[in-house]
Amino acid sequence: MTENTTATRADGIAAQLPRVESALRAAVHTDDPLLTEMAAHLITAGGKRQRPLVGLASGACAAGFDGGDLDGRIVQGGVAVELVHLGSLYHDDVIDEAEIRRQADSVNARWGNLRAILAGDFLLARASEIAASLSTEIAGLLAATIAHLCEGEVSELRTAFSPDRTEDEYFASIGGKTASLFRAAARIGALTSGQPREAVDALGEFGWAYGMAFQIVDDILDLTASEAEMGKPVGHDIAEGVYTLPVLHALKSDRGDELAGLLGGEITDADVALARRIVHETAGVTQATVSVGHWLDRAEQSLAGFDGREGAAALMGLTGRLRASLD
Ligand code: GRG
């Protein structure tokens, strides 16, 4: 299959995203105008809708699907997952005291922490309602995934400001906070399209490996991209004491002691810039990029049983784009 065909198929699935958008808006509507406005705030602000895309494309891996409109249950699955993602962003921005999200004011910056937490709770409640309408298994899966997100976040907090954070601790944390939701997106797409158990598991594997790669890329870009490219402040992880894969590699390099001297506690903006420069001057980013490649290889290998399926071509399009984002 040519790269062009792969890209076209990914775009074909993306053509279903407007259905996700209108269902998202319907899901957050309530009789209270303030709650509706707060709950819709980040939906309006944008976002890449990566998790619904993985869900839709996984649904399109079903045998016999050859394009056209996907079943409404697959769309609703993608909506439930995006609502959990949104809820986690509302809470995360309160935790981090972040002011900007999706190039807009964060909900906490605009309405305060109390309302941001409540609006985040509301999004999780709506996600749970939709999941329960799909099946008991999907409701259980989404609930377990919310627990994994919390575990991932708590494990990140436990190792905050620790230059001794291990790679295993890093991978456990990103598995919980990011990969678990991508895995749920893929499994829900497979379940709502009625695929057999082996297919649900294989697509879940895809989601997990893709989610790991996605978070490592996010972590690399926090160190290498500009504020304009990211639409939010960069170098944020180092300032927050979250030492990500490139930093952990750099700490093991011959510049490790120099870098460790800057880390471990509150840090000035000038020292964040210096720490970023040191990481750049080591092989840390390159080594983390190699790790992204391994996770993406693993994601692609899990699609072996879906050769020729519409959705598999779309998922391959996503891995290809993530690979290219670091070029
Ligand atoms: C209550 C569900 C819940 C969770 C509580 C706060 C928390 C525990 C978890 C935070 C998880 C988190 C924010 C992980 C980061 C994931 C990540 C890579 C976010 C950015 O995702 P993108 O790039 O963002 O897909 P857009 O804006 O494009 O959707």
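Everything that follows concerns the structure shown earlier in this document.
So, here's what we can say about the structure. The shown structure was predicted, so the numbers you read here are calculated from the model rather than taken from an experiment.

1. Remarks on unusual backbone geometry
The phi dihedral of Glu97 is positive, around 55°, even though this residue is not glycine. With respect to the element layout, Glu97 can be found in the loop between helix H5 (72-96) and strand S1 (100-101). Classification of Glu97 as exposed rests on a relative accessible area of 65%. Even without a glycine there, the phi angle at Gln103 is positive, about 60°. Within the secondary structure, Gln103 sits in the loop between S1 and strand S2 (104-105).

2. A word on the site of the ligand
In the region of the ligand, 18 residues are neighbours, and Lys48, Arg51, His85, Arg102 and Gln215 sit closest. Lys48 is positioned with one of its side-chain polar atoms (N or O) 2.6 Å from an oxygen atom of the ligand. Separating an oxygen atom of the ligand from a side-chain N or O atom of His85 is a distance of 2.8 Å. Protein burial of the ligand: of its 740 Å² of free accessible surface, 92% is covered by the chains. Listed by contribution, the elements that provide at least two residues to the shell around the ligand are H5, helix H8 (136-158), helix H9 (167-192) and helix H10 (197-224). If one sorts the elements of the shell around the ligand by residue count, H5 sits on top with 5 residues. Considering only residue class, the shell around the ligand consists of 6 nonpolar, 6 polar and 6 charged.

3. Considering the pattern of salt bridges
If you walk through the whole model with that rule in mind, you get 16 salt bridges. Two residues, Arg102 and Glu82, come together in a salt bridge whose shortest N-O distance is 3.2 Å. Taken together, the positions of Arg102 in the loop between S1 and S2 and Glu82 in helix H5 put the pair 20 residues apart, joining distant regions of the chain. The exposure classification of Arg102 matches that of Glu82, with both residues buried. Among the salt bridges present, the one from Glu300 reaches Arg323, with a minimum N-O distance of 3.0 Å. Taken together, the residues Glu300 in helix H16 (residues 284-301) and Arg323 in helix H17 (residues 310-324) connect sequence positions 23 residues apart. Among the residues examined, Glu300 registers a relative accessible area of 22% and is labelled partly exposed. Given a relative accessible area of 31%, Arg323 falls into the partly exposed group. What you see here is one network of salt bridges that share partners, running through Glu21, Arg49, Glu82 and Arg102.

The rules behind these values
Residues numbered from 1 in each chain as written. Predicted model: local features only at pLDDT ≥ 70, side-chain atom pairs only at ≥ 80, totals over all residues. Heavy atoms only, no water. Helix = DSSP H or I, 4+ residues; strand = E, 2+ residues; numbered from the N terminus. Buried < 20%, exposed > 50% of the residue type's maximum accessible area, 1.4 Å probe, protein only. Near = heavy atom within 4 Å. Polar contact = N/O pair within 3.5 Å; in protein donor to acceptor, adjacent residues only side chain to side chain. Areas by Shrake-Rupley, 256 points an atom, 1.4 Å probe, with all protein chains shown as cover. Nonpolar A, V, L, I, M, F, W, Y, C, P; charged D, E, K, R; others polar. Salt bridge = Lys/Arg side-chain N within 4 Å of Asp/Glu carboxyl O.

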